[in-house]
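Here's the letter readout for the chains.
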Amino acid sequence: GEVHYHEFVIQARPVKRLCRTHSTITVNGQFPGPTLAVRDGDSLVITAINRARYNVTLHWHGIRQLRNPWADGPEYVTQCPIQPGGTYTYRFTIQSQEGTLWWHAHSKWLRATVYGALIIFPRWGLHYPFPMPKREFPILLGEWWDGNPMDVLKQALFTGAAPNVSDAYTINGQPGDLYRCSSKGTAVFPVLPGETILLRIINAALNQELFFSVANHQMTVVGVDAAYTRPFATNVIMIGPGQTTNVLITANQAAGRYYMAARAYQTAQNAAFDNTTTTAILQYILASGSSGKGQSSRPILPRLPAYNDTATATAFTSSLRSPWKIKVPTQIDENLFFTVGLGLINCSNPNSPRCQGPNGTRFAASMNNVSFVFPRTNSLMQAYYQGIPGVFTTDFPPVPPIQFDYTGNVSRGLWQPVKATKLYKLKFGSRVQIILQDTSIVSTEDHPIHLHGYSFAVIGAGFGNFNPRNDPAKFNLIDPPVRNTIGTPPGGWVAIRFVADNPGVWLMHCHIDSHLVWGLAMSFLVENGVGELQSVIPPPLDLPRC
Ligand code: C2O
């Protein structure tokens, strides 16, 4: 493959949105950041230069990084952060992956503005499993705060309360026509009548699952998370933070302008959320070079589902299939059951400014009652590789200590998660099944769970408590979709399987960043296999120190 060299300078730049100019952390002055376009088998060498005033790391979301955890990026997991003034070069190769991925900062809330598309084309001579589209566009969905997102986070962490919701959603960094002072920048996607185009939709929003639709144009879904899917037609997609969805649309309508739009899919009850709508324009270009008629009239808006339309979200996600039979492990070595959910920590002084959560508490989120604490002085990967003791323990509890009705009346046992840096050890090559079970301690909620270093088969999902007697009979072990981020349905469960063939320390977490900073995360430690080929590569010499 080819080697692509890039320099990513992380720096503050003035960016004007919603009538105000903000000093915004960008890559190379661009917001959103640069698009990386490569082929399967290519290598990337990206030198990150930190000229911002925050610690930063970069993560290549969905890249498997086989035996190469040092390039994965989550701060304090596979590397210490790049400090202001520092640099680090990420080197990795794409190994048998194609489709749409993306990259983003993996340090506090910097990814609010530090993100971009990572597009992987098939190897030379290979083709998509569908007719070649005439044009392709990355569609990056984001969230914008009329303020510094890092300050929003700081405030939330100090008070223990939920962070302020965003002020706008964005498409390729632009809120679009429906927001104040935003018409001029609205993203426009040109298309010739009759053409079929590929939209590579990426949910880069910090905290919000989204519905997306294009007025008058049906979408044909052909891929998710850099894996192909069996094509199916839909008017609306639901996409969680971290996920990508590839759709084809054909310009078969009257020449003119049509809105594509996104707005919230919000599952947590009684929680504030940004209820605005972002738009971009699909614009027909006539062969003469002039745009279609209707140029000056306002484009039509697509009909989007109600914010709490779980039926539509579920209909979409349960339609996803791999286009062919895939290898799903049928025997299981590790059968794991992980609860995911929000919790509350009681305060001794509920009137304290640090206890502004519900009824004088602080929010904490957990998996199996453990609220993940990131280390400070070492990365987990370094601690493992160099045998540094005291950084983590490997007693992540595989089963919650207290049995209870996860989605009904909840025992107080999970109200007080323990804060700890606990990893779960997996033997190299073991076949793993994980049931992710949402809990209702604060409210039920869809949690988009992302696993680093792996893709997994999504073999089943349902509402209520997972039933180990009846539910496995319904698992799809033939053609389940393959993903790197999967929503745990609100008040429900989802089942995934993968083979632990990538040694290293790999974070698994909720991709809603407010939940991540509250601890909705855990890490796997996949031990080195025997023999040289299976072991982790040595750490690069420029790996940042804490
Ligand atoms: Cu998209 Cu842990 O990240």
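Residues numbered from 1 in each chain as written. Predicted model: local features only at pLDDT ≥ 70, side-chain atom pairs only at ≥ 80, totals over all residues. Heavy atoms only, no water.

### Some points on the sheet that holds strand β1 (residues 3–17)
Right, on to step 1. Ordered by their spatial adjacency, 4 strands build an open sheet running β2-β1-β4-β6, and the pairing between neighbours is mixed. Single-partner strands in this sheet number two, and they are β2 (20–27) and β6 (87–93). Across the sheet, the mean angle from the axis of one strand to that of its neighbour is 25 degrees, orientation sign disregarded.
Right, on to step 2. As paired elements, strand β4 (residues 43–50) and β6 share 7 bridges and run antiparallel to each other. By the bridge assignment for β6, Leu-44 is matched with Phe-92. (Pairing = 2+ DSSP bridges. Helix = DSSP H or I, 4+ residues; strand = E, 2+ residues; numbered from the N terminus. Axes fitted to C-alpha atoms, helices over the stretch in contact; angles between N-to-C directions.)

### Concerning the side chain of Thr-26
Right, on to step 1. Topologically, Thr-26 is positioned in strand β2.
Right, on to step 2. Not counting the four nearest positions on each side in its chain, Thr-26 is found in contact with Val-9, Ile-10, Gln-11, Arg-13, Val-15, Phe-31 and Val-114. (Contact = heavy atoms within 4.5 Å.)

### Focus on the sheet that holds strand β3 (residues 36–39)
Within a sheet, neighbouring strands are paired by backbone hydrogen bonds and run either parallel or antiparallel to one another.
Right, on to step 1. Strand order in this open sheet of 4 strands is β3-β8-β7-β5, and the pairing throughout is mixed. Across the chains shown, the open sheet's two edge strands, defined by having one partner strand only, are β3 and β5 (58–61). Looking at each pair of strands side by side, their axes are set apart by 20 degrees on average, direction ignored.
Right, on to step 2. Where strand β7 (residues 99–105) lies against strand β8 (residues 115–121), 6 bridges are found, and the strand directions are antiparallel. Looking at β8, one finds that Leu-101 is bridged to Leu-118.

### A closer look at helix α1 (residues 149–159)
Right, on to step 1. Looking at α1, one finds that the buried residues are Pro-149, Met-150, Val-152, Leu-153, Ala-156 and Thr-159.
Right, on to step 2. Residues of α1 that are buried sit in contact with β21 (361–367) and α4 (513–517).
Right, on to step 3. Phi turns positive one or two residues past the end of α1, at Gly-160, with a value near 80 degrees. (Buried < 20%, exposed > 50% of the residue type's maximum accessible area, 1.4 Å probe, protein only.)

### Points about the domain arrangement of the chain
Right, on to step 1. Domain boundaries assigned for the chain yield domain 1 (1–128), domain 2 (130–321) and domain 3 (334–534).
Right, on to step 2. Domain 1 and domain 2 are separated by 22 Å when their C-alpha centres are compared.
Right, on to step 3. Every contact between the two is made by 31 residues of domain 1 and, on the other side, 45 residues of domain 2.
Right, on to step 4. Of the roughly 3,400 Å² buried at the junction of domain 1 and domain 2 (both faces included), carbon and sulfur atoms supply 67%.
Right, on to step 5. By the criterion of area lost to domain 2, the three top residues of domain 1 are Leu-18, Trp-109 and Tyr-128, representing 30% of everything that side buries.
Right, on to step 6. Across the domain 1-domain 2 interface, the total number found is 1 salt bridge. (Domains from an automatic or database assignment. Buried area = accessible area lost by both parts, 1.4 Å probe. Salt bridge = Lys/Arg side-chain N within 4 Å of Asp/Glu carboxyl O.)

### Here's the deal with the environment of Leu-157
Right, on to step 1. Examined against the element boundaries, Leu-157 turns out to sit in helix α1.
Right, on to step 2. Exposure remark for Leu-157: the relative accessible area of 31% places this residue in the partly exposed category.
Right, on to step 3. Taking the C-alpha atoms as reference, Leu-157 lies 9.0 Å from Phe-363; in sequence the two are 206 residues apart.
Right, on to step 4. Residues in contact with Leu-157, not counting those within four places in the same chain, are Arg-354, Arg-362, Val-517 and Trp-518.

### Side note on the state of the cysteines
Right, on to step 1. Overall, the coordinates contain 3 disulfides when judged by the stated rule.
Right, on to step 2. Covalently, Cys-80 is tied to Cys-546 through a disulfide, its sulfur atoms 2.0 Å apart. Linking Cys-80 and Cys-546, the disulfide has an S-S dihedral of approximately -90 degrees and is accordingly described as left-handed. Here Cys-546 lies in the segment after β32 (521–526) and Cys-80 lies in the loop between β5 and β6, a separation of 466 residues in the sequence.
Right, on to step 3. Put simply, Cys-347 and Cys-355 are joined by a disulfide, and their sulfur atoms are 2.0 Å apart. Between Cys-347 and Cys-355 the disulfide shows an S-S torsion of about -95 degrees. By sign, it is left-handed.
Right, on to step 4. What links to what in the chain: the bonded cysteines, counted in sequence order, pair as 1-3, 2-6, 4-5. (Disulfide = S-S within 2.5 Å.)

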